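One-letter residues, chain by chain:
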Amino acid sequence: MPKGSGSVQLACVICGDIFFCKPSAILKRKCCTRACAALYKRHSYAGEGNPNFGNKGVKCPSWKGGRRLSNYGYVLLHMPEHPNARPDGYILEHRYVMSEYLCRPLDRSEHVHHKDGVKTNNDIDNLELINLGEHTRMHNLERAPTRGANGRFIETWREVAAN
């Protein structure tokens, strides 16, 4: 007997059990429970049954030309063939610009510093190639160690005077 006056009787495509649903959900509901729905999706969307099968890289509808911002504010370029590329195929644009300028891939010990501090300004005149120790020293000069109310150190940034 149907649960409500407008319920429709259907058979589950996975287990074959009879279940009831609203008439408005006849086209959407194919399974009686969430467990059966999970099995149905796992089976029907596997491989080429998935509507987004093969939509990677250039074929993806949200592809933006291989250029995006990282979570840290740096520009990433999709260049999987570059020697400095990460395992996901992206390279930091400032490292790419410096390697093209030097006509060689960069070593892991070489760091590229943005002189003006703007992470998206990757003009070669704004970039400087330095080692890790010097890069850390340059950025530590911008920090001013201060003590909080409990006596512990709080990291604060100094105001950089504009010339």
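Fair warning: this is a prediction, and the values are worked out from it, not measured in the lab. (Residues numbered from 1 in each chain as written. Predicted model: local features only at pLDDT ≥ 70, side-chain atom pairs only at ≥ 80, totals over all residues. Heavy atoms only, no water.)

**Concerning the overall build of the chain**
Counting its regular elements, the chain contains 3 helices and 9 strands. Ordering the α and β elements of the chain from the N terminus gives β-β-α-β-β-β-α-β-β-α-β-β. Out of the 163 residues belonging to the chain, those deemed buried represent 21%. Restricting to contacts in the chain with at least 6 residues of sequence separation, those with at least 24 account for 15%. Working note: accessible area of the chain is about 12,400 Å², and carbon and sulfur atoms make up 54% of it. (Helix = DSSP H or I, 4+ residues; strand = E, 2+ residues; numbered from the N terminus. Buried < 20%, exposed > 50% of the residue type's maximum accessible area, 1.4 Å probe, protein only. Contact = heavy atoms within 4.5 Å. Areas by Shrake-Rupley, 256 points an atom, 1.4 Å probe, with all protein chains shown as cover.)

**Here we look at the pattern of salt bridges**
Enumeration according to the criterion identifies 3 salt bridges in this entry. With a shortest N-O distance of 2.7 Å, Glu93 and Arg67 are connected by a salt bridge. Residue Glu93 is found in helix H2 (residues 93–102), and its partner Arg67 is found in strand E3 (residues 67–69); the two are separated by 26 residues along the sequence. We classify Arg67 as partly exposed; its relative accessible area is 45%. Among the salt bridges present, the one from Glu110 reaches Arg104, with a minimum N-O distance of 2.8 Å. With a relative accessible area of 14%, Glu110 lands in the buried category. (Salt bridge = Lys/Arg side-chain N within 4 Å of Asp/Glu carboxyl O.)

**So, the sheet that holds strand E4 (residues 75–78)**
Within the open sheet, the 3 strands sit side by side as E3-E4-E5. Their pairing is antiparallel. The sheet is open, and its two borders are formed by E3 and strand E5 (90–92), each paired with just one other strand. If you compare each strand with its neighbour and ignore which way they point, the axes differ by 35 degrees on average. One ladder, built from 3 bridges, connects E4 with E5; its direction is antiparallel. Bridge assignment links Leu77 to a residue of E5, and that residue is Ile91. Relative to E5, H2 is tilted by about 75 degrees, and along the sheet it contacts E3, E4 and E5. (Pairing = 2+ DSSP bridges. Axes fitted to C-alpha atoms, helices over the stretch in contact; angles between N-to-C directions.)

**Points about the confidence of the model for the chain**
When pLDDT is averaged along the chain, the result is 85, and 90% of the positions lie at 70 or above. Ranking the helices and strands of the chain by mean pLDDT puts H2 first, with 95, and strand E9 (residues 153–157) last, with 65. (pLDDT = per-residue confidence, 0-100.)

**Examining the nonpolar core**
Core analysis: the largest hydrophobic core is formed by 5 residues, namely Cys12, Phe19, Cys21, Cys31 and Cys36. Not counting residues up to four positions away in its chain, the partners in contact with Cys12 are Asp17, Phe19, Lys30, Cys31, Cys32 and Cys36. (Core = buried A, V, L, I, M, F, W, Y, C linked by side-chain atoms within 4.5 Å.)

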